[in-house]
Amino acid sequence: MKNPALLKKVAKLETINDQLAAELHYLEHLARALGFAEGLKTLKAAALEMLDAEHKKEAKKAEKDWDSTQ
């Protein structure tokens, strides 16, 4: 792989990968510092649970509103 354009692209991708890995590591650290025992894994689970609860709440409200129009 001696093509200069390809080498430049590979170098750019390696830089981006390094930046993303550092950011992910920092987010993992922040999540654990906030009390999420397994870091991003438990943060993600909590976020999904909150979104699911909100979705169910909205669905219940919509059903109630629908029933009141009938």
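Structure: see above.
This structure is a prediction, so every number in the text was calculated from the model and none was measured.

## Notes on helix 1 (residues 4-33)
When the terminal C-alpha atoms of helix 1 are compared, their 44 Å separation across 30 residues agrees well with the 44 Å that a helix rising 1.5 Å per residue should span. By the N-cap criterion, in which a side-chain oxygen at the helix start approaches the backbone nitrogen of a residue two or three places on, helix 1 is capped by Asn-3, the distance to Ala-5 being 2.9 Å. Gly-35 occupies a position one or two residues after helix 1 and carries a positive phi of about 105 degrees.

## Topic: the pattern of salt bridges
Enumeration over the complete set of coordinates arrives at four salt bridges. Residue Arg-32 pairs with Glu-28 through a salt bridge whose shortest N-O separation is 3.0 Å. Of this pair, Arg-32 and Glu-28 both sit in helix 1, four residues apart, which is roughly one turn of that helix. Residue classification places Glu-28 among the partly exposed residues on the basis of a relative accessible area of 22%. Across the salt bridge formed by Asp-52 and Lys-56, the nearest N and O atoms sit 3.3 Å from each other. Highlighted residues: Asp-52 and Lys-56, both in helix 2 (residues 40-69), separated by four residues, approximately one helical turn. Relative accessible area serves as the criterion here: at 54%, Lys-56 is assigned to the exposed category.

## What to know about a nonpolar patch on the surface
A cluster of nonpolar side chains, namely Leu-13, Ile-16 and Leu-20, defines an oily patch on the protein surface of about 300 Å² accessible area. Mapped onto the elements, Leu-13 comes out in helix 1. On the basis of relative accessibility, which here comes to 58%, the residue Leu-13 falls in the exposed class.

Rules used throughout
- Residues numbered from 1 in each chain as written.
- Predicted model: local features only at pLDDT ≥ 70, side-chain atom pairs only at ≥ 80, totals over all residues.
- Heavy atoms only, no water.
- Helix = DSSP H or I, 4+ residues; strand = E, 2+ residues; numbered from the N terminus.
- Expected span 1.5 Å × (residues − 1).
- Polar contact = N/O pair within 3.5 Å; in protein donor to acceptor, adjacent residues only side chain to side chain.
- Salt bridge = Lys/Arg side-chain N within 4 Å of Asp/Glu carboxyl O.
- Buried < 20%, exposed > 50% of the residue type's maximum accessible area, 1.4 Å probe, protein only.
- Patch = residues over 30% accessible without salt bridge, like charges linked within 9 Å, V, L, I, M, F, W, Y side chains within 5 Å.
- Areas by Shrake-Rupley, 256 points an atom, 1.4 Å probe, with all protein chains shown as cover.

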